[in-house]
Amino acid sequence: MSDTSRPTTEVTLLGKPYVIACPPEEQEQLKRAARYLDRAMHGIHSRGKVLGAEKIAIMAALNITHELLSALDANRAGEQSLSELGERLERALSGIGNDTSQASR
């Protein structure tokens with residue numbers, strides 16, 4: 001498949017259009033990601049401390065990566081808490097089952 005036959009989607013970041021190769025079924029996700037990135041880039045740009053688009057993109061990527069890793073850590077902690085709660089529940093239910101079988105003797 002040549003590059004000219006690959007489906008593309010246009011996104012805009014800091015007012016500049018970019019054409020990205022993207023399968024049709026993933027275009028909405030790409031556009032959503034681009035909107036998120038554009039908002040992050042505009043936030044950094046509005047502070048006026050970073051001037052170049054490349055530096056703005058790098059700062060936005062670092063910020064978004066930090067958000068992602070924090071969310072992943074929180075998700076793992078939640079999964080661990082659920083796992084521990086499930087184990088406690090299993091032990092409690094097992095104790096009830098043992099008490100019931102001993103009481104019926």
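As a reminder, the structure under discussion sits directly above these lines.
The following paragraphs examine the structure supplied in this document. (Residues numbered from 1 in each chain as written. Predicted model: local features only at pLDDT ≥ 70, side-chain atom pairs only at ≥ 80, totals over all residues. Heavy atoms only, no water.)

## Topic: helix H1 (residues 27-47)
The end-to-end C-alpha distance of H1 is 30 Å, a good match for the 30 Å that 21 residues give at a rise of 1.5 Å each. Directly beyond the C-terminal end of H1, a positive phi value near 75° is found at glycine 48. (Helix = DSSP H or I, 4+ residues; strand = E, 2+ residues; numbered from the N terminus. Expected span 1.5 Å × (residues − 1).)

## Side note on the pairing of strand E2 (residues 16-21)
Across six bridges, strand E1 (residues 8-13) lies against E2 in antiparallel orientation. Looking at the pairing, threonine 12 lines up with proline 17 of E2. If you look at the hairpin formed by E1 and E2, you'll find two residues sitting between the two strands, and leucine 14 has a positive phi there, around 50°. (Pairing = 2+ DSSP bridges.)

## Focus on the nonpolar core
Formed by Val11, Leu13, Ala34, Met41, Ile44, Ile56 and Ala60, the largest nonpolar core amounts to seven residues. Here the element with the most residues in this core is H1; it accounts for three residues. Those residues in contact with alanine 34 that lie beyond four places of it in its chain are Val11 and Leu13. (Core = buried A, V, L, I, M, F, W, Y, C linked by side-chain atoms within 4.5 Å. Buried < 20%, exposed > 50% of the residue type's maximum accessible area, 1.4 Å probe, protein only. Contact = heavy atoms within 4.5 Å.)

## Quick look at a nonpolar patch on the surface
Together, Ile58, Met59 and Leu62 make up an exposed nonpolar region whose accessible area comes to about 280 Å². Topologically, methionine 59 is positioned in helix H2 (residues 53-103). Look at methionine 59 and you get partly exposed, because its relative accessible area is 36%. (Patch = residues over 30% accessible without salt bridge, like charges linked within 9 Å, V, L, I, M, F, W, Y side chains within 5 Å. Areas by Shrake-Rupley, 256 points an atom, 1.4 Å probe, with all protein chains shown as cover. Salt bridge = Lys/Arg side-chain N within 4 Å of Asp/Glu carboxyl O.)

## Looking at the side chain of glutamine 27
Looking at the secondary structure, you find glutamine 27 in helix H1. Here the side chain of glutamine 27 touches threonine 9 through a polar contact of 3.1 Å, side chain to side chain. Those residues in contact with glutamine 27, other than ones at most four positions away along the chain, are Thr8, Thr9 and Cys22. (Polar contact = N/O pair within 3.5 Å; in protein donor to acceptor, adjacent residues only side chain to side chain.)

## Here's the deal with the side chain of aspartate 38
Of note, aspartate 38 is situated in helix H1. Among buried charged residues, aspartate 38 stands out as having no salt bridge; its nearest opposite-charge side chain is arginine 39, 7.4 Å away. Not counting the four nearest positions on each side in its chain, aspartate 38 is found in contact with Thr12, Leu13, Leu14 and Gly15. (Lys, Arg positive; Asp, Glu negative; His and termini not counted.)

What is shown is where atoms sit, not what they do.
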